[in-house]
Amino acid sequence: MTDFNTPLSKVRGLGSAKDGTHHWWVQRVTAVANIPLVLFMVISFVGNAGKGHADWVSWLQQPVVAVLTILFVLNVTYHMRLGLQVVIEDYVHSHGLKVVSLILITFACVLIAALSVFSVLRIAFGG
C-alpha cells in the first residue's frame, strides 16, 4: 500500500533531537571524568589493602581524599543513572512502566549518592 504521510508527519510527537544530544554529551563527559576518579580509587584501595579500620578512617579523613571520594560517588551514580535511563528508554515499551522505572531509578541513584556522601562526611568529620 502507498503511505501518504510525509516524513515530517511520521516523526511529529516523537520528541526533540536536542535532548538526545545533550544526554549523549553528558554521558561521555561523566565517563571521561570517571577515568581519573576510578584510577585514584583503585590505586588508593590497593595501597591500603591489608590495613586496619583505623588506617582506613585516617586515610578517608584527609581533605583531598574525602573530596575525591565524594566526587567519585557523585559522578559514578550520575553516570549510572544516565546509562540506566538509556536502557529503560530503549527496551521498555510500555509508557507507564517506562515512567515508573525512570522514577525508581532516579530515586535509587539519589539515595545511593546521598547515603554515600553522608558516610564519607561522617567519617571525615569524625562524627
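Shown above is the structure to which this text applies.
How each quantity is defined
Residues numbered from 1 in each chain as written. Predicted model: local features only at pLDDT ≥ 70, side-chain atom pairs only at ≥ 80, totals over all residues. Heavy atoms only, no water. Helix = DSSP H or I, 4+ residues; strand = E, 2+ residues; numbered from the N terminus. Rg over C-alpha atoms; globule rule 2.2 N^0.38 Å. Buried < 20%, exposed > 50% of the residue type's maximum accessible area, 1.4 Å probe, protein only. Contact = heavy atoms within 4.5 Å. Areas by Shrake-Rupley, 256 points an atom, 1.4 Å probe, with all protein chains shown as cover. Lys, Arg positive; Asp, Glu negative; His and termini not counted. Charge placed at Lys NZ, Arg CZ, Asp CG, Glu CD. Phe/Tyr/Trp six-rings, centres within 6.5 Å; stacked < 30°, edge-to-face > 60°. Core = buried A, V, L, I, M, F, W, Y, C linked by side-chain atoms within 4.5 Å.

Undergrad: When you look at the overall build of the chain in this model, what are you seeing that I'm missing?
TA: Broken down by element type, the chain carries five helices and zero strands. Taken from the N to the C terminus, the helices and strands of the chain come in the order α-α-α-α-α. The C-alpha atoms of the chain give 21 Å as radius of gyration, which overshoots the globular expectation for 127 residues (14 Å, by more than 25%). Judged by the C-alpha coordinates and their principal axes, the chain covers about 75 × 25 × 20 Å. By residue count, 24% of the 127 residues in the chain fall in the buried class. When contacts within the chain are restricted to residue pairs at least 6 apart in sequence, long-range pairs at least 24 apart make up 71% of them. With the model as given, the accessible surface of the chain reaches about 9,100 Å², and the carbon-plus-sulfur share is 73%. The positive charge centre, built from 8 side chains, and the negative charge centre, built from 5, are 4 Å apart in the chain.

Undergrad: Just checking my understanding: could you explain the packing of aromatic side chains for this structure?
TA: Pairs of aromatic rings are described using the distance from one ring centre to the other and the angle between the two planes. Evaluation of the coordinates by the stated rule reveals four aromatic pairs. A centroid spacing of 5.2 Å and a plane angle of 80 degrees characterise the contact between phenylalanine 45 and tryptophan 56, whose relative ring orientation is edge-to-face. Here phenylalanine 45 is found in helix H2 (residues 17-48), whereas its partner tryptophan 56 is found in helix H3 (residues 53-60), with 11 residues between them in sequence. Look at phenylalanine 45 and you get partly exposed, because its relative accessible area is 42%. A residue is classified by how much of its surface remains accessible, and tryptophan 56, at 25% relative accessible area, is partly exposed. Residues tryptophan 56 and tryptophan 59 carry aromatic rings whose centres are separated by 5.7 Å and whose planes lie at 85 degrees to one another, so their mutual orientation is edge-to-face. Here the residue tryptophan 56 and the residue tryptophan 59 both occupy positions in helix H3, the gap between them amounting to three residues, near one helical turn. Each member of the aromatic cluster is reached from another via a ring pair, and the members are Phe45, Trp56 and Trp59.

Undergrad: Explanation requested: the nonpolar core in the structure shown.
TA: Within soluble globular proteins, side chains that are nonpolar tend to cluster in buried spots. Core analysis: the largest hydrophobic core is formed by nine residues, namely Trp59, Leu60, Val65, Ala66, Ile70, Val73, Val117, Val120 and Ala124. For this core, the secondary structure elements donating two or more residues are H3, helix H4 (63-91) and helix H5 (95-124). Sorting elements by how many residues they give to this core places H4 first, with four residues. When near neighbours in sequence (up to four residues on either side) are disregarded, valine 65 contacts Phe40, Trp59 and Leu60. The next biggest cluster of nonpolar side chains, apart from the first, holds five residues, and it includes Ile88, Leu102, Ile105 and Cys109.

Undergrad: What is the right way to look at the side chain of glutamine 85 in this model?
TA: Mapped onto the elements, glutamine 85 comes out in helix H4. Relative accessible area serves as the criterion here: at 16%, glutamine 85 is assigned to the buried category. Filtering out sequence-adjacent residues up to four positions away, glutamine 85 remains in contact with His23 and Leu102.

Undergrad: Even after reading the chapter, I still don't get the environment of valine 26, so can you show me in this structure?
TA: Examined against the element boundaries, valine 26 turns out to sit in helix H2. Sequence spacing of valine 26 and proline 7 is 19 residues, and the spatial spacing of their C-alpha atoms is 29 Å. If sequence neighbours within four positions are ignored, valine 26 has contacts with Tyr78 and Leu82.

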